[in-house]
Amino acid sequence: MSRFEYAPAPESRSVVTVEPTYGLFIDGRFTEPTGLFPTVNPADETVLAEVSHAGPAEVARGVAAARKAFDGVWGRMSGAERGKYLFRIARILQERAREFAVLETLDNGKPIKESRDVDVPTAAAHFFYHAGWADKLEYAGLTASGAEVARPHGVVAQVIPWNFPLLMLAWKVAPALATGNTVVLKPAETTPLTALLFAQVCQQAGLPDGVVNIITGDGRTGHALVEHPDVDKVAFTGSTEVGRSIARSIAGTGKRATLELGGKAANIVFDDAPIDQAVEGIVGGIFFNQGQVCCAGSRLLVQENIHDALVERLRRRLTTLRVGDPLDKNTDVGAINSRAQLDRISGLVEAGIAEGAQAWSPECTLPASGFWFRPTLLTGVSQTHRVATEEIFGPVLSVLTFRTPQEAVAKANNTAYGLSAGVWTEKGSRILWMADQLRAGVVWANTFNRFDPSSPFGGYKESGYGREGGRHGLEAYVMTGAGR
Ligand code: NAD
């Protein structure tokens, strides 16, 4: 018996079914649910379902299943055969796109137009892209020196955050499978549902048992997973704090690791920028997914002589944003993912005001229940303010100024992070110079938050190491270099 059935639009017959309880997905089947904990809809705080908490014993079962699949079938399969499975998964994701989009919005709180138009299609695109790579790894030089064939690491432990649950899963699972690894993946505790639906997709695609295992739980489960001695590689996306602790815990074990961590991107606007596009890029850069984006353009650096005019334009644009029901296709800004995240955002904004910043938000009525935060502009921010240095991970834009390109670069790079940056100017030579100077893994010019499976994504400094996407992303999943 299912507890909920959601009909997303009156004219649509498509419905997503949420089971009352979920087990873990190990060795091709779901286990009996145990140690249940709830996952709530952040837009109204109702419990959507209860999922199992995997302890060390369940983690070990997941790793054993992945090992058996690696040694038995997957590690020996030709790239062409592996590619067929990835193509199948990609097509099923497309066929079930509506179901995935609605479930993602229910569990995460993001607007349906984002799940529908960005998260789900981009996840499918990652499987299509990596399906194409599966039989071409050797031609791309993805072999260890002296070896004829590309060699996977073996069992990969993958731990992902809650801001793009399905997309982060696709970024992790697709390259791992394309290169012949098997996977144990742990979704975030507040957004486990699309990963569990993805487990059904694996079954539907006929993926051999144990190639993908999905175990749910909190940080303790993630910790047990990355610590497990039979794990060959760890792929983690999440906060810098947890990334650091993972790096410490696996040091000296021989496990490989890629860490995709936090960010505090500068979005830099020069006085010659195409202002209408810049306003759209700034708004999309920080309010997309309620600002809960690692590469969000959370620091606006604006050339001093256009500061007042640009802030005025931004205010006018912000008054047109529709905040509310994430399932309404006209909604621009949805719910914050959890109460803990809402408290963090509120606390940082209060700290910013206490340090001297001025906060402004458009008038809007927020729903009575759920976790909500109005889109917010913070002006008068200085480089030392916490809102200029710490990741807020919410719909809050800190505005700073600069006079010269050199000053813009110095301020943009004055951060512990280095994940992304944006530059808005009509001058091509300045774009190239800025891109060269900025210590950021991605630099967007006259656009922001563009993602493509063929483009490597990753950070400098405390934003982590390793790349996801493109040929670079595959490197992390095969043995390269001499003597490997
Ligand atoms: P988080 O680090 O709290 O949690 C991420 C995942 O790690 C969750 O699944 C969690 O259960 C698990 N976890 C927690 N403690 C663990 C431990 N000790 N060992 C192993 N796993 C553990 O991060 P979050 O709050 O879920 O996500 C937000 C963060 O993720 C932000 O800092 C954001 O910038 C970052 N992020 C980075 C990227 C990127 O590509 N660089 C993408 C998305 C999000």
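Scroll up to find the structure this text is about.
Residues numbered from 1 in each chain as written. Predicted model: local features only at pLDDT ≥ 70, side-chain atom pairs only at ≥ 80, totals over all residues. Heavy atoms only, no water.

Colleague: Lay out the packing of aromatic side chains with the relevant residues and their values.
Modeller: Taken as a whole and assessed by the stated rule, the structure comprises 12 aromatic pairs. Considering the side-chain rings of Trp444 and Phe448, the 4.8 Å spacing of their centres and the 50° angle between planes classify their relative orientation as tilted. Like Trp444, the residue Phe448 is buried in the burial classification. Ring pairs connect the aromatic residues Trp171, Trp444, Phe448, Phe451 and Phe457, which therefore count as one cluster. The ring of Tyr477 carries the charged tip of Lys233 above its face, separated from the ring centre by 5.0 Å. The ring centre of Phe270 lies 4.3 Å from the NZ or CZ of Arg430, which sits over that ring. (Phe/Tyr/Trp six-rings, centres within 6.5 Å; stacked < 30°, edge-to-face > 60°. Buried < 20%, exposed > 50% of the residue type's maximum accessible area, 1.4 Å probe, protein only. Lys NZ or Arg CZ within 6 Å of the ring centre and 35° of its normal.)

Colleague: Describe the site of the ligand, naming the residues involved and giving the relevant values.
Modeller: Taken together, 29 residues are adjacent to the ligand, and Ile160, Glu189, Ser239, Leu261 and Glu391 come closest. Here a nitrogen atom of the ligand and a backbone polar atom of His223 are 3.4 Å apart. Of the pockets mapped on this structure, the ligand occupies the largest pocket. For the shell around the ligand, the secondary-structure elements that each account for two or more residues are helix H7 (219–227), strand E11 (233–237) and helix H8 (240–250). (Near = heavy atom within 4 Å. Polar contact = N/O pair within 3.5 Å; in protein donor to acceptor, adjacent residues only side chain to side chain. 1 Å grid on protein atoms, 1.4 Å probe; cavity = no way out; pocket = protein on both sides within 12 Å on 5 of 7 lines; lining within 4 Å. Sits in = over half its atoms within 2 Å of the grid points. Helix = DSSP H or I, 4+ residues; strand = E, 2+ residues; numbered from the N terminus.)

Colleague: How would you sum up the pattern of salt bridges? Please name residues and give values.
Modeller: Per the counting criterion, the structure on display carries 24 salt bridges. Close ionic contact of Arg96 with Glu99 constitutes a salt bridge, the shortest N to O distance being 2.9 Å. A relative accessible area of 16% means that Arg96 is categorised as buried. Under the relative-accessibility criterion, Glu99 is labelled partly exposed at 21%. Of the charged contacts, one joins Arg220 and Asp218 as a salt bridge, the two residues approaching to 2.7 Å between their closest N and O atoms. (Salt bridge = Lys/Arg side-chain N within 4 Å of Asp/Glu carboxyl O.)

Colleague: Which residues make up empty space enclosed by the protein, and what values do they have?
Modeller: In this approach, a probe sized like a water molecule rolls over the atoms, and the result shows the empty space that is left. Scanning all chains against the criterion turns up five cavities of 30 Å³ or more. Considering only enclosed or pocket space, the largest cavity measures out at about 100 Å³ in volume. If you go around the largest cavity, you meet 16 residues; those closest to its centre are Ala412, Thr415, Ser420, Arg439 and Ala440. For the lining of the largest cavity, the per-class residue count stands at eight nonpolar, four polar and four charged. (Points joined across faces, edges and corners; volume = space filled by probe spheres on them. Nonpolar A, V, L, I, M, F, W, Y, C, P; charged D, E, K, R; others polar.)

Colleague: Explain unusual backbone geometry to me, and be specific about the residues and the numbers.
Modeller: Positive phi, normally seen in glycine, also occurs at Gln290, with a value near 55°. Structurally, Gln290 is set in the loop between helix H9 (275–287) and strand E14 (299–303). Look at Gln290 and you get buried, because its relative accessible area is 0%. Here Asn446, not a glycine, exhibits a phi torsion of approximately 55°, which is positive. Position of Asn446 relative to the elements: it lies in the loop between strand E19 (442–445) and strand E20 (464–465).

Colleague: Mind laying out the pairing of E14, listing which residues take part and the relevant values?
Modeller: The buried fraction of E14 is high, at five of five residues. Alternating positions in E14 separate into two faces, Arg299, Leu301 and Gln303 on one and Leu300 and Val302 on the other, with burial throughout. Chirality of the crossover, the property in question, places the unit of strand E13 (residues 266–269), H9 and E14 among those that are right-handed. Two elements, E14 and strand E17 (residues 396–402), share five bridges in a ladder whose sense is parallel. Paired with Val302 across the two strands is Thr401, which belongs to E17. (Right-handed = clockwise from strand over helix to strand, strands pointing away. Pairing = 2+ DSSP bridges.)

Colleague: So what's going on with the sheet that holds strand E6 (residues 37–40)? Residues and values would help.
Modeller: Strand order in the open sheet formed by three strands is E3-E7-E6, and the pairing between neighbours is mixed. The two strands at the open ends of the sheet, each matched to only one other strand, are strand E3 (21–22) and E6. With four bridges joining them, E6 and strand E7 (residues 47–51) adopt antiparallel strand pairing. From the neighbouring strand, Pro38 faces E7, where its bridge partner is Glu50. Of the strands in this sheet, E3, E6 and E7 touch helix H6 (residues 193–204), which is tilted by about 60° from E7. (Contact = heavy atoms within 4.5 Å. Axes fitted to C-alpha atoms, helices over the stretch in contact; angles between N-to-C directions.)

Colleague: Which residues make up the pairing of E19, and what are the values?
Modeller: Of the two faces of E19, the one lined by Val442 and Trp444 is fully buried and the one lined by Val443 and Ala445 carries no buried residue. Two elements, strand E18 (residues 420–424) and E19, share four bridges in a ladder whose sense is parallel. The partner of Ala421 across the bridge, within E19, is Val443. As for the winding sense of the linkage, the β-α-β connection from E18 through helix H14 (residues 428–437) to E19 is right-handed.

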